[in-house]
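Residue-level structure breakdown
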Amino acid sequence: MSETTNGPTKEPTNELGVAMVGYAFMGAAHSQAWRTAPAFFDLPRRPRLAAICGRDADAAGAVADRFGWESVETDWRRLLERDDVDVIDICTPGDTHAEIAIAALEAGKHVLCEKPLANTVEEAEAMAEAAAAASARGVRAMVGFTYRRVPAVSLAQRIVASGRLGTIRHVRGQYLQDWLVDEDAPMSWRLDKSKAGSGALGDIGAHVIDMAQFVTGSAITTVSGLMETFVTSRPVAGERATLGGTGGSGERADVTVDDAAAFTARFDDGALGVFEATRFATGRKNALRLEVNGSLGSIAFDFEDMNVLELHDATLPAEEAGFRRILVTEADHPYVAAWWPPGHGLGYEHGFTHQVVDLVHHIAEGTDPAPSFADGLAVQRVLAAVEASSDAAGTIQKTGA
Ligand code: SOE
């Protein structure tokens, strides 16, 4: 059923027509989520993979064949005209998020947009405004901070919200990868500011900022940080220079984003934060870590051991003190009941499936999903404040929270 500003345009069906813009790494993660969600979860509407959109029709067609997308479009604007499309799933680089999301919302299409929400605060503000207006018309918008939906992270949020940790004093967040340590790793859109908006800070720092604000329920109000670009030029993709510079054409392009960011933060509840985001943490592959220290205890999470949450209960007798490993695979844990028996564990892709499950429920129930575009804007403000601080040699910057 397609909603337009004038309401349903055809007899309502249980199907939810989905169109995805983009088809690379995130396209694959989202495709598996749309296919898998109805198989493991009882959904009020059944997603139908109506269309995949990409400028390269052959490449998009190959992904359509692999994942079962029914049709291929090469212009995303066509998707907004189709009555069989109810949801636009944006899996493109950040420089296209605002234009596509705002047009889709105004056309009455629900929107799921990859993170970070946008490349600038101004774009994110316009998107959040469009989402608020669309919500009044029953059109929903969600931003893709999928790590909130890792069961151990959802459990961490529940534990903090219950008051079990007492007054929160410290939030310690890291997102450590090492895929750019090789100085001859080729150029990509993620290293081009005009496409990505920023480097490690926006790509992976956005995740740890959202996770910290989600788990603690508090907002970052001021930051002081530094950013660095360690390798300032790289071989043009496909022209990888061999050691010593021979082989390939040797053509190189400038890296115009940060390779790493480090910043301190103050939260609105008075807690202090220390954060890192880097693609140069040699040996760390996808180490998204969060530790929260409170007056009554602590939690600690590391995505590289993603089915475990560590909990320290400071109210226990001293001889029992220490971090306890909770294996977050019980049916009572968030999302787990739909999957496997205790101990069988989940993976990276499950957060994407849980994201789809929650979005479909919100669309059917007529409620706004989280993280909202307003949540995405809040992260964008922190990203911008860290950049401003780094540009000003680490001076303290307000985020606007
Ligand atoms: C970066 O390498 C990246 O692919 C991010 O863009 C994703 O958001 C994250 O889930 C995994 O790492």
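Okay, so let's go over this structure. Being a predicted model, the structure only gives us computed values, none of them experimental.

1. Focus on the layout of surface pockets
Space inside the largest pocket adds up to approximately 1100 Å³. Among the elements of the structure, helix H1 (25–40), helix H3 (76–81), helix H4 (97–106), helix H7 (193–196), helix H8 (200–216) and helix H9 (348–365) are those that each provide at least two residues to the lining of the largest pocket. The element that contributes the greatest number of residues to the lining of the largest pocket is H8, accounting for four residues. No fewer than three residues from each of domain 1 (15–146) and domain 2 (151–305 + 307–346) sit in the lining of the largest pocket. Space inside the second largest pocket adds up to approximately 170 Å³. Lining the second largest pocket we find 13 residues, and of these Arg-289, Leu-290, Ala-300, Phe-301 and Asp-302 sit closest to its centre. Secondary structure elements with two or more residues in the lining of the second largest pocket: strand E9 (168–176), strand E15 (287–294), strand E16 (297–302) and strand E17 (308–313). Class assignment of the residues belonging to the lining of the second largest pocket gives a composition of five nonpolar, one polar and seven charged.

2. Some words on helix H2 (residues 57–67)
Every buried residue of H2 is listed here: Ala-60, Gly-61, Val-63, Ala-64 and Phe-67. Projection of H2 onto a plane perpendicular to its axis shows the buried side chains occupying an angular sector of 165°, all on one side. Exposed and oriented more than 90 degrees from the buried face of H2 are Asp-58, Asp-65 and Arg-66. Tucked inside the fold, the buried residues of H2 contact H1, strand E4 (46–53) and strand E5 (72–73). For H2, the capping residue at the N-terminal end is Asp-56, with a side-chain oxygen 3.0 Å from the backbone nitrogen of Asp-58.

Parameters and conventions
Residues numbered from 1 in each chain as written. Predicted model: local features only at pLDDT ≥ 70, side-chain atom pairs only at ≥ 80, totals over all residues. Heavy atoms only, no water. 1 Å grid on protein atoms, 1.4 Å probe; cavity = no way out; pocket = protein on both sides within 12 Å on 5 of 7 lines; lining within 4 Å. Points joined across faces, edges and corners; volume = space filled by probe spheres on them. Helix = DSSP H or I, 4+ residues; strand = E, 2+ residues; numbered from the N terminus. Domains from an automatic or database assignment. Nonpolar A, V, L, I, M, F, W, Y, C, P; charged D, E, K, R; others polar. Buried < 20%, exposed > 50% of the residue type's maximum accessible area, 1.4 Å probe, protein only. Arc of directions from axis to C-beta. Contact = heavy atoms within 4.5 Å. Polar contact = N/O pair within 3.5 Å; in protein donor to acceptor, adjacent residues only side chain to side chain.

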